[in-house]
Amino acid sequence: AASNSIHTNLISPAPMVPIFSSLLVLNMPRWIRTRGNKYMITSRENLSKMWLKLQTYATERGHFPNEPGEEGIDKVKTLFGQWPKARRKRLFISPAAQAVLGVDAANGSYAYVEGLRATDEPDMPIIYEAGPWHHEYRGVLAPDLVEGEQETGPYLRWRLVLQLDGTIRHYTEREFTKRILPRIKARE
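Residues numbered from 1 in each chain as written. Predicted model: local features only at pLDDT ≥ 70, side-chain atom pairs only at ≥ 80, totals over all residues. Heavy atoms only, no water.

Visitor: Mind showing me how you'd approach the nonpolar core here?
Guide: Nonpolar side chains tend to gather and get buried jointly when the protein is soluble and globular. M50, L54, F64, V76, I126 and I127 are the most contacted members of the largest nonpolar core, which totals 34 residues. Of all the secondary structure elements, the ones that give two or more residues to this core are α1 (16–61), β1 (110–112), β2 (125–129), β4 (156–163), β5 (168–172) and α6 (173–187). Top contributing element to this core by residue count: α1, with 7 residues. Residues in contact with L54, not counting those within four places in the same chain, are F64, P65, V76, L79, Y112, I126 and I127. In terms of nonpolar packing, the next biggest core, distinct from the first, is built from 5 residues, I93, A96, A105 and W133 among them. (Core = buried A, V, L, I, M, F, W, Y, C linked by side-chain atoms within 4.5 Å. Buried < 20%, exposed > 50% of the residue type's maximum accessible area, 1.4 Å probe, protein only. Helix = DSSP H or I, 4+ residues; strand = E, 2+ residues; numbered from the N terminus. Contact = heavy atoms within 4.5 Å.)

So, in structure tokens, the structure goes:
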């Protein structure tokens, strides 16, 4: 007597969900850091390009842009008038600020300190990121999951500052508020 039975296999992606989820969780800090490093490199490049134009302007005129009619970073934007509009727009938008602010990053990525002369203190800030757009995630990975150097410490927010001597430095938000912001406010 023959048996009439049907044999079926049920294949489900359900067992794969926890595997993919755990891979995502373990790799998220690395992905965030990689993206953050790309943002920082772009911001440094932007600040370097601004510095070259500012230095040329100051060499020719003996001071940095300070013409009436333009406000803040718009004074620096006028130095790039011959650049194509799309390229000029990218220069003045920090990608890290865009990740935080979205469309508003076009108006709020960088700030310009007016009234400086080439003879002022060399470590005086001239352009700085208007907010703490960059961040460091520390202490996210468990020590037994990663080989080599371990991350420890708190979550830090920081910003880049272009100094009068052309040096680009990064400061935590706490350092910026304590050491840099008072110097900027004293100039106003």
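Visitor: Sorry, what's going on with the packing of aromatic side chains here?
Guide: The description of an aromatic ring pair rests on the distance of the ring centres and on the angle between the ring planes. For the structure shown, the criterion picks out 4 aromatic pairs. Ring geometry for F80 and F92: centres 5.6 Å apart, planes at 80°, overall edge-to-face. Placement of the pair is F80 in the loop between α2 (74–77) and α3 (85–91) and F92 in the loop between α3 and α4 (95–101), with a sequence separation of 12 residues. With respect to burial, F80 and F92 carry one shared label: buried. Here a set of aromatic residues connected by ring pairs shows up, and it is made of F80, W83 and F92. Its end group placed over the ring of F80, K53 keeps NZ or CZ at 5.6 Å from the ring centre. A cation sits over an aromatic face here: R87 above W83, 3.8 Å from the ring centre. (Phe/Tyr/Trp six-rings, centres within 6.5 Å; stacked < 30°, edge-to-face > 60°. Lys NZ or Arg CZ within 6 Å of the ring centre and 35° of its normal.)

Visitor: Would you mind going over the pairing of β2 with me for this structure?
Guide: When a strand is regular, its side chains alternate between the sheet's two faces. Counting buried positions along β2 yields 5 of 5 residues, so the element is predominantly enclosed. Both β2 and β4 contribute to a ladder of 3 bridges, which runs antiparallel. Bridge pairing in β4 places Y128 opposite V161. (Pairing = 2+ DSSP bridges.)

Visitor: I keep staring at α6 and nothing clicks. Help me out?
Guide: Each full turn of the α-helix corresponds to 3.6 residues, which orients residues three or four apart in the same direction. With 15 residues, α6 should reach 21 Å at 1.5 Å per residue; the first-to-last C-alpha distance of 20 Å fits that figure. Taking the largest bend as the criterion, α6 deviates by roughly 40°, centred on I180, and proline P182 comes between one and four positions later. Within α6, the full set of buried residues consists of F176, I180 and I184. On the buried face of α6, the contacting elements are β2, β4 and β5. (Expected span 1.5 Å × (residues − 1). Bend = angle between axes of the 7 residues up to and from the residue.)

Visitor: Help me understand the pairing of β4, please; the structure alone is not making it clear to me.
Guide: A large share of β4 lies buried, amounting to 6 of its 8 residues. One ladder, built from 5 bridges, connects β4 with β5; its direction is antiparallel. The partner of L160 across the bridge, within β5, is H170. Remark: 4 residues form the turn of the hairpin made by β4 and β5, two consecutive strands paired antiparallel; G166 in that turn has positive phi of roughly 95°.

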